[in-house]
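Architecture at a glance
Chain by chain, the residues run as shown.
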Amino acid sequence: MLRYLHALTLFSSISVSFAASADQWQSRSIYQLLTDRFAVRNNAGAPCNTSDQKMCGGSWIGITEHLDYIQNMGFDAIWISPVVENIDDKTPYGEPYHGYWTKNISSLNPHFGKPDDLKTLSSAVHNRSMYLMVDVVVNHFASVPSHPGANISSLNDFDLTNLSPFSSSSDFHPFCWIEDYSNQTRAEQCWLGDKNLALVDINTEDPKVVTTMNTWISSLVKDYNIDGIRIDAAKHIRKDFWPDFVKAAGVFSIGEIYDKNVSFVKDYTEVMDSVLDFPSFFALSAAFSSTNGSFSDLLEVSTASQQSYKRGVSGTGSFLENHDLPRFQSQTGDLALIKNAMTWPFVTDAIPILYYGQEQGYQGAKDPDNREALWLSGYVTENKTLVSLVKSLNAARKSAISLNSSFLTTPMTFISQENNQAIAISKPPLLALLTNVGQSGTASWNVPGVFDANQALVDVLTCNQYVVPSDANMTVSSSDGSPKVFMPATVADQVCEHEEKNIARKRRYGNKALLTIKAEWETFGITLLFMLSGWFF
Ligand code: ABC
Ligand code: CA
């Protein structure tokens, strides 16, 4: 039992203000996309040069037309870019194709479509029993200074009259750049952005401003039937602003608290439903981006998050990439490392979030290169290793949820390995074996007592079978550094059915799983018998 060094048990059922919605989101799997870059209407072959930082023509209709692509990978929620009208000035950072440069919160961004198009997207998402998450920016509006590039000394350096509904200086905090992110007062009351393009900080201490924001979010959610909100720059507003805001939204809220310290992020889990798990992201990325990465930070951070976030890691968003970070595949081309890192968000207590394009192997580094147009990939799904991986991971998680009613509420446990380049994560009925030895390395895991002796398992990533030894002590190795995700064969077969059946079969036959061949022939024989009997009688 000493091996269970990181066995985590802290998961309390403290009452959460918006428990129902958070609970509903817990079983979901989210595909994050940038509206301008995911799909153009009618699949037109629009060019899109990411370094130009210009609008490429993606739209809500485009998304609606490509929901099959997302749903077929097993996602049941999408997170789209902010939807409100943005500034239309020319800036040194190009056009607001990302949607974060708010000009007017009362009207929608015409580049992404008409209000009816957003309603159509929302209905289409719901018709597929999927959820819609919208990114919302409360912290700031955007403004190009009257003399871009020149030093700014006050709000007078801006023409605020075209912003709406806030356009008087009392609606904004007095000018100052944040400069020091560790000074919380500055982080909340000074400005993001720079002298080329300022993110003019809203005066969220003013009760009139607060009421306007709460009324706005309430209407936005209702008008477009939104199921969840991702709160941009949430750490830049005083914490006690958030409870009323998320209550006004009335749906699941997940905040962006861009910081690697659990001790900093944890407080925000008290004032909104959930947070994007940045601390785990930093540790995850470091653990798998090279064969020298360390798992001890990842275990430490995960343990700390389980213990300090209000609902543990449950309900937080686990991600490997987003639109602000260099893509993982810009840091390593080692397929084994990539597959291991991608597996993590799907096998922990969190809600998995996949940033569009990762499944297509996109390698853009930092903003703006990490915002490639997805249509340039042709949305190809056949023979795409990472698309298959994502499909299997989503299917495995769904199967686990349906097999074990307490899957979502049972905290994961880590089973440390003597070899510090391997790690096992148990979340019954899933057992994930991860390693960072890389594609030319060999990894091995020793996992005692997680499954029953002689139990038949399947690694859902290869559909290979494995029978637990009679002492229940699993010893598993991987000769190409690939991850493994084991499940009981009874349910895993459904997951493998999901995959291209023939490829899975070939793999199994290749591995001389004669029992499987026999079983399949038996099924075939019985089916034939039934057909013949139907014929004769
Ligand atoms: C534009 C251009 C860029 C150009 C930049 C100067 O201007 O596109 O090419 O380099 C939007 C757009 C961006 C745009 C910005 C500014 O607006 O998407 O393209 O950049 O005009 C959110 C969104 C993000 C969005 C905004 C603004 C906010 O996800 O897409 O940007 O609405 C901070 C904020 C965070 C914000 C992020 C971009 O900046 O907190 O809300 N994201 C430290 C700070 C963080 C800070 C981070 C990055 O640096 O603590 O607060 O995030 O600057 C760890 C530490 C962390 C530390 C990291 C780097 O290291 O623990 O604290 O983070 O170890
Ligand atoms: Ca602020």
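Residues numbered from 1 in each chain as written. Chains lettered and ligands numbered in written order. Predicted model: local features only at pLDDT ≥ 70, side-chain atom pairs only at ≥ 80, totals over all residues. Heavy atoms only, no water.

The name that an unreviewed UniProt entry assigns to the chain is alpha-amylase, with the source organism given as Armillaria gallica. Quoted verbatim from the Sequence similarities (unreviewed entry) field of UniProt, the annotation for the chain is "Belongs to the glycosyl hydrolase 13 family." In its Cofactor (unreviewed entry) section, UniProt records this for the chain: "Ca(2+)". (UniProt positions renumbered as here; feature names shortened; annotations may be inferred.)

**Concerning the state of the cysteines**
Working definition: the covalent bond between the sulfur atoms of two cysteines is a disulfide. Counted by the stated rule, this structure contains 3 disulfides. A disulfide bridge connects Cys 48 with Cys 56, and the sulfur atoms are separated by 2.0 Å. One disulfide, between Cys 48 and Cys 56, carries an S-S torsion of 80° and so falls in the right-handed class. Across this residue pair, the class does not change: Cys 48 and Cys 56 are buried. What pairs with Cys 463 in a disulfide is Cys 496, and their sulfur atoms sit 2.1 Å apart. Every disulfide takes its handedness from the sign of the S-S torsion; for Cys 463 and Cys 496 that torsion is -105°, giving left-handed. Of the two residues, Cys 463 sits in the loop between β19 (456–459) and β20 (464–467) while Cys 496 sits in helix α14 (residues 489–498), which places them 33 residues apart along the sequence. Overall, Cys 463 belongs to the buried group, its relative accessible area being 3%. (Disulfide = S-S within 2.5 Å. Buried < 20%, exposed > 50% of the residue type's maximum accessible area, 1.4 Å probe, protein only. Helix = DSSP H or I, 4+ residues; strand = E, 2+ residues; numbered from the N terminus.)

**Quick notes on the environment of Asn 196**
With respect to the secondary-structure elements, Asn 196 resides in the loop between β7 (192–194) and β8 (197–201). Beyond its immediate sequence surroundings of up to four residues, Asn 196 is in contact with Pro 92, Tyr 93, Val 144, Pro 145, Pro 148 and Gly 149. Within the local environment of Asn 196, its side chain forms a polar contact with the side chain of Tyr 93, the two groups lying 3.2 Å apart. (Contact = heavy atoms within 4.5 Å. Polar contact = N/O pair within 3.5 Å; in protein donor to acceptor, adjacent residues only side chain to side chain.)

**As for the environment of Glu 359**
Among the secondary structure elements, Glu 359 is positioned in the loop between β14 (351–355) and α13 (385–403). C-alpha separation for the pair Glu 359 and Tyr 379, spaced 20 residues apart in sequence, amounts to 9.8 Å. For Glu 359, the contacting residues outside a window of four places in its chain are Tyr 31, Tyr 69, Met 73, Leu 354, Leu 374, Leu 386, Val 387 and Val 390. A polar atom in the side chain of Glu 359 sits 2.6 Å from the side chain of Tyr 31.

**Brief notes about the coordination of the calcium ion (ligand 2)**
Binding of the calcium ion (ligand 2) to the protein goes through Asn 139 (OD1), Glu 188 (O), Asp 201 (OD), Asp 201 (OD) and His 236 (O), at separations of 2.3 to 2.7 Å. Binding-site remark: the calcium ion (ligand 2) is held by donors from one chain whose sequence spacing is N-x48-E-x12-D-x34-H. Taken together, the residues Asp 201 in strand β8 and His 236 in the loop between β9 (228–231) and α8 (242–249) connect sequence positions 35 residues apart. Given the relative accessible area of 0%, Asp 201 is considered buried. (Donors = N, O, S within 2.8 Å, 3.2 Å for Na, K, Ca; no water.)

**Notes on the UniProt feature "binding site: Ca(2+) 1" (unreviewed entry) in the chain**
Here the UniProt feature "binding site: Ca(2+) 1" (unreviewed entry) sits at Asn 139, Glu 188, Asp 201 and His 236. Across 98 residues in sequence, these annotated residues keep their C-alpha atoms within 9.0 Å of one another, forming a single compact spot. The annotated residues named above include His 236 as those lining the largest pocket. By secondary structure assignment, the location of Asn 139 is in the loop between β5 (131–136) and β6 (140–143). Residue Asn 139 is classed as buried on the basis of its relative accessible area, which comes to 0%. Beyond its immediate sequence surroundings of up to four residues, Asn 139 is in contact with Leu 192, Val 200, Asp 201, Ile 202, Ala 233, His 236 and Ile 237. What makes His 236 buried here is its relative accessible area of 5%. Apart from the residues within four sequence positions on either side, His 236 is in contact with Asn 139, Ile 178, Tyr 181, Ala 187, Glu 188 and Leu 192. From its side chain, His 236 meets the backbone oxygen of Ala 187 in a polar contact 2.8 Å long. (1 Å grid on protein atoms, 1.4 Å probe; cavity = no way out; pocket = protein on both sides within 12 Å on 5 of 7 lines; lining within 4 Å.)

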